[in-house]
Amino acid sequence: MSGTEQRPGRGLLLIELDGDGGHPAAWRKSRTAPVAVLGPARLRDTVLAAESAGFHAATFGDGAVPENGAVPENGAARLNALQRAAFVAPLTRSIALVPEVDTVYTEPFHVSTQLASLDYVSRGRAGWLVRASGSGAEAAAVGREPAGSARRTREAAASIEVGRRLWDTWEDDAVIKDVATGRYLDVDRLHYADFEGPDYSVKGPSIIPRPLQGPLPVLVPAGLLPPEALAGGAADAVLVSAPTPDLLAAELRDTAASLARANPPGTQPALIAELDIVLDARGQSAASRLAELDARAFWESPRARFVGTAAELTELLAGLLTEAAGVRLHPAVVDADLEELAQLVLPELRRRRLLAPATPDATFRELLGLPRPVSRYAAAGTAVVHFPASRAGN
Amino acid sequence: MTEANIDGGFRPSGQLQLGVFFQGVNSGTVWKAPESGSQTDFESFRRIAQTAERGLFAAFFLGEGLRLREHLGRPHALDVAGRPDAQTMLAALASVTSHIGLVATQNTTYNDPADLAHRLSTLDLLSGGRAAWNVVTTDNAWTGANFRRGGYLDHADRYIHAEAFVETAKRIWDAWDDGVIAASPSEEAWAKPASIRRARHEGQHYSVDYLPRLPRSAQYRPVLFQAGDSPDGRDFAARQADVIFSAHPKFDDALEFRRDIVARSLKAGRGANDVKIMPASEFILAATPQEAREKKAWVRSLQIGPQQAIAYLEQFWGRELQDYDPDGPLPEIDPVVEETSETRGSGFHGAKARQLADQWRAEANEKGLSIRQFVSSKTSRGDATFNGSYTEVADRLVEYARTGAVDGFNISPWLIPTGLDDIVNHLVPELQERGIYPTEYAGTTLRENLGLATPLRPAAGVADNGVAVGGRHA
Ligand SMILES: Cc1cc2nc3c(=O)[nH]c(=O)nc-3n(C[C@H](O)[C@H](O)[C@H](O)COP(=O)(O)O)c2cc1C
């Protein structure tokens, strides 16, 4: 997806809404009492604020379990991301809801069911931000060995494949409610997933009908999946990071070029640029806000960081949106930076017709410009279900 | 009715509570009626939950089955199938309800304690203290085929595993002292150090070493329900559960079950009133007794159609019986299997098939029942059904409240999404008039609304509550 192909009016803005903000000292500058950040009112208010500001998607980080010996701090206490997304689903209408869900220490069958359920409660606005944890603390929590990078890659690819297969195991019209024959289901339109991986196998079918979107959009960090997996359609969007905003544009171009080489034409995943932001706010310059925060805790982040005025950020985003389908913003302090974004940045980008309309009831796939495919098993044209021959008892 | 003294210091509350169980996986939910709605749309769930809340129900339940039911080796086609993940749906319902408890049935065999406890804590915090976990232990290799964990546990091991699991979860929920998190951004530290403990378990089935990530909720921790009826299951409930989701709604049976649970609770060192009981039940009601009887016949005809009747027998015969007339006698041919393999995922256990077939044929002959009539009598939830006019049924329920045979009922509506309307509009006011049903929510948390005591807090500042449970199973 090169800059010249990017039509005006298609840019997407995503916002990460975890906790008080991306900066580990954000809680000290928050308008919300720390204890209230883990409550329903704060969650509802921030997501509604992001929706009315015109953001296309909210992401919900699941972050890391604190490593051994660490005392929980701001960044450590977290509500489960997928449930936060589910909680706000009935309260919102246009914003896509994209929780981060781990693939290494989780059960792929549960992950698939939970995400499909999120798609139902959000009426087609769910997505999956793939995480592959290598954390020792998370491994110890479930009594397993920490995963090295090769295993993380393998586990992420396997979990995505399980999810995609399970979402297809019910064809769209499997529920027939045929009173004449007494059948609620047409069994010929149900299929086993029969996933066999190096670490485990999953039988299927899913225990929930096909999600409203069919397969949910899958977002992965660049570098997590091997090129073959991306070429095989594992991800719908790739999150691209670079150390600085200048390098980000170059990184986007490089990533687009390598995806274009590896993927069949027209099947490249969308690119989403990752950007930390600190804006002038509350009568204080961005630089001095950041200095105050940094004096309390160091913000370690693999992402490019923008520190400046709303007008400067608008220019940067306008440029990035010519290279990427979207940008995901990580505000240093949600309360402070979201307000500036809503009042100054998004209205200007809209005025310049750089943003896709945030349409009520549009699905996340529609926002991403993705068609809704029929089930892979239906496309095969035959009943590929194989039934176990043996009826041996449980 | 038997005179109902339950000793052991048990005191009936004189009150009943209601819960609603959305969609079991069985023939109970009628999908063939014109008014049958979607089983998956969020609006169906919202409608039932909000109606229940209007009727001051204590709890909204979701069941769980981790593999799609199968019949003769193929997915079972005749009943409602496919349902959302319980906690995901309940998290969504938390934002459109304010008082009703949100109960997730979750399995101990195919989950990790740290992950499950964390998700339940999330639901508890997002709902303002209304979450509960219905602990089930269902497992078999057939369900295990969907999981990384795979495999299964011996029946005998299930509750040992479940108990270690639940104790680990409780330790996770106990790990944060009250008021750990800073009350304002100007405090020096986000959390008070040394007031959060690691939770550890080292046992035969799994190990956990975890620093819990969430504080206590408004009700301290999620309420625990238990469903499982074996002696081991009952003892487990008596030791660990707040409420039993029982299978004993019929009055005499309910009283007997109450006595049994009181005895087991006392033996476990708990009080006679500590474990509440809410049996599964079905209500088919109308304005007059006559109408209610007609309605019941209509509901039954929709629940057990000719195909369901034949399929029911096929589970026991282990062969196709499509050529038999549903309105004729039971099949003369014998089952082809030794052990019955009932529709997988229905929660039944195997029995001797030939013996059962002989017994059933004799029974049907004697009563002059056709296949359809016979199956209907076997599956009618007969014991679990309250059928009659609103006043009749309300009168009958007075006896349950007076004796304390149960603390309430978990109602499975036979119709989605309107199946609670008549109960809330007509039965609830009758119960209130008789003084056996709340006229308002007692509080905002599920624990308050069920009248449960807050768990005893562990001593503040204890450094590490270690591996207490693991030793027993290592
Ligand atoms: C009223 C009731 C409801 C139940 N609901 C479920 C359920 O939704 N999902 C499930 O896996 N098991 C369910 N069970 C099964 C129990 O958890 C348990 O696995 C089963 O009864 C066997 O345990 P037991 O040997 O102690 O009876 C239910 C049991 C009862 C009595």
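Basis of the calculations
Residue numbers restart at each chain and count upward from 1, following the sequence in its written direction. Throughout, the order in which chains and ligands are written sets their labels, letters from A for the former and numbers from 1 for the latter. Local features in a predicted model are, by the rule used here, given only for residues with pLDDT of at least 70; side-chain atom pairs are given and counted only at 80 or more, and totals for whole chains, interfaces and linings are based on all residues. Values shown for side chains rest on all heavy atoms present in the structure; no hydrogens or waters enter the calculation. Secondary structure elements follow DSSP: runs of H or I no shorter than four residues count as helices, runs of E no shorter than two count as strands, and numbering proceeds from the N terminus. Restricting the calculation to C-alpha atoms gives the radius of gyration, and the globule rule supplies 2.2 Å times the number of residues raised to the power 0.38. Note on classification: 1.4 Å probe, protein chains only; a residue is buried when its accessible area is under 20% of the maximum for its type, exposed when over 50%, partly exposed between these limits. The contact criterion used throughout is that any non-hydrogen atoms of two residues lie within 4.5 Å. His residues and chain termini do not enter the charge count, which takes Lys and Arg as positive and Asp and Glu as negative. Charged side chains are reduced to one point each, which is NZ for Lys, CZ for Arg, CG for Asp and CD for Glu. Any residue with at least one heavy atom within 4 Å of a molecule or strand is counted as near it. Pairing of N or O atoms within 3.5 Å defines a polar contact, subject to two protein rules: one partner must be a possible hydrogen donor and the other a possible acceptor, and residues neighboring in sequence count only if both atoms are side-chain atoms. The Shrake-Rupley method, run with a 1.4 Å probe, gives the accessible areas here. Residue values count only the displayed protein chains as cover. Using protein atoms alone on a 1 Å grid, points that fit a 1.4 Å probe yet trap it form a cavity, whereas open point sets bounded by protein on both sides within 12 Å along at least five of seven lines form a pocket; residues with an atom within 4 Å of a point count as lining. Grid points are joined across faces, edges and corners, and a volume is the space filled by probe spheres set on the points. All residues other than Ala, Val, Leu, Ile, Met, Phe, Trp, Tyr, Cys, Pro, Asp, Glu, Lys and Arg, Gly among them, are scored as polar; the first ten of these are nonpolar and the last four charged. Buried area is a sum: the accessible area each of two parts loses on coming together, probed at 1.4 Å, counted once for each and added. Between Lys or Arg on one side and Asp or Glu on the other, a salt bridge is scored when a side-chain nitrogen of the former is within 4 Å of a carboxyl oxygen of the latter. Grouping buried Ala, Val, Leu, Ile, Met, Phe, Trp, Tyr and Cys residues that are joined through side-chain atoms within 4.5 Å yields what is termed a nonpolar core. By definition here, a helix of n residues has an expected span of 1.5 Å times n minus one. Comment: arc refers to directions from the helix axis out to C-beta atoms.

*Asks:* Any chance you could explain the overall build of chain A here in plain terms?
*Replies:* When helices and strands are counted, chain A shows 12 helices and 13 strands. Relative to the 2.2 N^0.38 estimate, which gives 21 Å for 394 residues, the radius of gyration of chain A is 22 Å and therefore close to what a compact globule would have. Referenced to the eigenvectors of the C-alpha coordinate spread, the extents of chain A come out at roughly 70 × 50 × 40 Å. For chain A, the residues scored as buried account for 59% of the 394 residues in total. The contacts of chain A with a sequence gap of at least 6 include a subset with a gap of at least 24, amounting to 77%. A gap of 3 Å separates the mean positions of the 40 positive and 48 negative side-chain charges of chain A.

*Asks:* Please clarify how the overall build of chain B should be interpreted in this entry.
*Replies:* When helices and strands are tallied, chain B shows 15 helices and 13 strands. The C-alpha radius of gyration computed for chain B amounts to 23 Å, which stays within 12% of the reference 23 Å derived for 474 residues, consistent with globular compactness. For chain B, the spread of C-alpha atoms along the three principal axes comes to 80 × 50 × 45 Å. Taking all 474 residues of chain B together, the buried fraction comes to 63%.

*Asks:* Got a minute to help me understand the site of the ligand in this structure?
*Replies:* Residue and element names in this part refer to chain B. In the vicinity of the ligand there are 16 residues, among which E64, Y159, A227, D229 and S230 approach most closely. Contact distances for the ligand include 2.8 Å between an oxygen atom and a backbone N or O atom of D229. Contacts to the ligand include S230, whose side-chain N or O atom sits 2.6 Å from an oxygen atom. Burial of the ligand by the protein chains amounts to 79% of its free accessible area of 620 Å². It is helix α5 (residues 155-174) that contributes the most residues to the shell around the ligand, three residues altogether.

*Asks:* Help me out: how do you make sense of the environment of R93 of chain A in this one?
*Replies:* All names here are of chain A. For R93, the location among the structural elements is in the loop between α2 (81-88) and β3 (96-102). Taking relative accessible area as the criterion, R93 reaches 45% and is therefore assigned partly exposed. For the pair R93 and A36, spaced 57 residues apart in sequence, the C-alpha separation works out to 25 Å. In contact with R93, not counting residues within four places along its chain, are E51, R123, R125, T359, P360 and D361. One polar contact links R93 to D361, side chain to side chain, over a distance of 2.3 Å.

*Asks:* Any chance you could explain empty space enclosed by the protein here in plain terms?
*Replies:* Gaps left between atoms are located by rolling a probe of water-molecule size over the structure's atoms. In this structure the tally under the stated criterion is nine cavities of 30 Å³ or more. Of all the secondary structure elements, the ones that give two or more residues to the lining of the largest cavity are β3, α3 (108-121) and α4 (136-141) of chain A together with α3 (113-126) of chain B. When residues in the lining of the largest cavity are grouped by element, the largest group, four residues, is from α3 of chain B. Per-class residue counts for the lining of the largest cavity are nine nonpolar, seven polar and 10 charged. Here the second largest cavity is characterised by a volume of approximately 140 Å³. The wall of the second largest cavity is formed by 16 residues, among which I207 of chain A together with E64, L66, D85 and A86 of chain B lie closest to the centre. Among the secondary structure elements, those contributing two or more residues to the lining of the second largest cavity are α3 of chain A together with β5 (101-107) of chain B. At three residues, the largest contribution of residues to the lining of the second largest cavity is made by α3 of chain A. Of the residues belonging to the lining of the second largest cavity, the class tally is four nonpolar, eight polar and four charged.

*Asks:* What is the right way to read the interface of chain B and chain A from this model?
*Replies:* Note: interface size is frequently given as the accessible area lost on complex formation between the parts. Taken residue by residue, the interface counts 81 residues in chain B and 88 residues in chain A. Across the interface of chain B and chain A, roughly 7,000 Å² is buried in total on both sides, 59% from carbon and sulfur atoms. When the buried surface of chain B facing chain A is broken down by residue, R148, W190 and R213 of chain B rank first, second and third, together holding 14% of it. Inspection of the region where chain B meets chain A yields three salt bridges. Among the ionic pairs, R74 of chain B bridges to D188 of chain A, the shortest N-O distance being 2.8 Å.

*Asks:* I'm lost on the nonpolar core in this one. Help?
*Replies:* Generally speaking, nonpolar side chains in soluble globular proteins are found buried as a group. By size, the foremost hydrophobic cluster in this structure holds 151 residues, and its most contacted members are F55 and L275 of chain A together with F57, F60 and L397 of chain B. Counting 23 residues, the second largest nonpolar core, distinct from the first, contains Y159, V166, A199 and V208 of chain B.

*Asks:* Where do I start with helix α10 (residues 353-367) of chain B in this structure?
*Replies:* Since the α-helix packs 3.6 residues into each turn, any two residues three or four apart lie on the same face. Residue and element names in this part refer to chain B. With 15 residues, α10 ought to run about 21 Å at 1.5 Å a step, and its terminal C-alpha atoms sit 21 Å apart, in line with that. Among the residues of α10, those classed as buried are A353, L356, A357, W360, R361 and A364. Buried residues of α10 fall within an arc of 135° about the axis and therefore sit on the same side. Every exposed residue of α10 that faces more than 90 degrees away from the buried side is listed here: Q355, N365 and E366. Taken together, the buried residues of α10 touch α9 (306-317) and α11 (371-379).

*Asks:* Please explain unusual backbone geometry as it appears in this structure.
*Replies:* Note: most peptide bonds trans; most residues except glycine with negative phi. In this chain, G204 of chain A is followed by P205 of chain A through a cis amide linkage whose omega measures -10°. By the secondary structure assignment, P205 of chain A is in the loop between β8 (201-202) and β9 (218-221). Cis geometry marks the peptide bond from I416 of chain B to P417 of chain B, where omega comes out at 5°. With respect to the helices and strands, P417 of chain B occurs in the loop between β13 (408-411) and α13 (421-433). For R353 of chain A, which is not glycine, the phi dihedral falls at a positive 60°. Judged by its relative accessible area of 65%, R353 of chain A falls in the exposed class. We note that L72 of chain B has phi near 50°; this positive angle belongs to a residue other than glycine.

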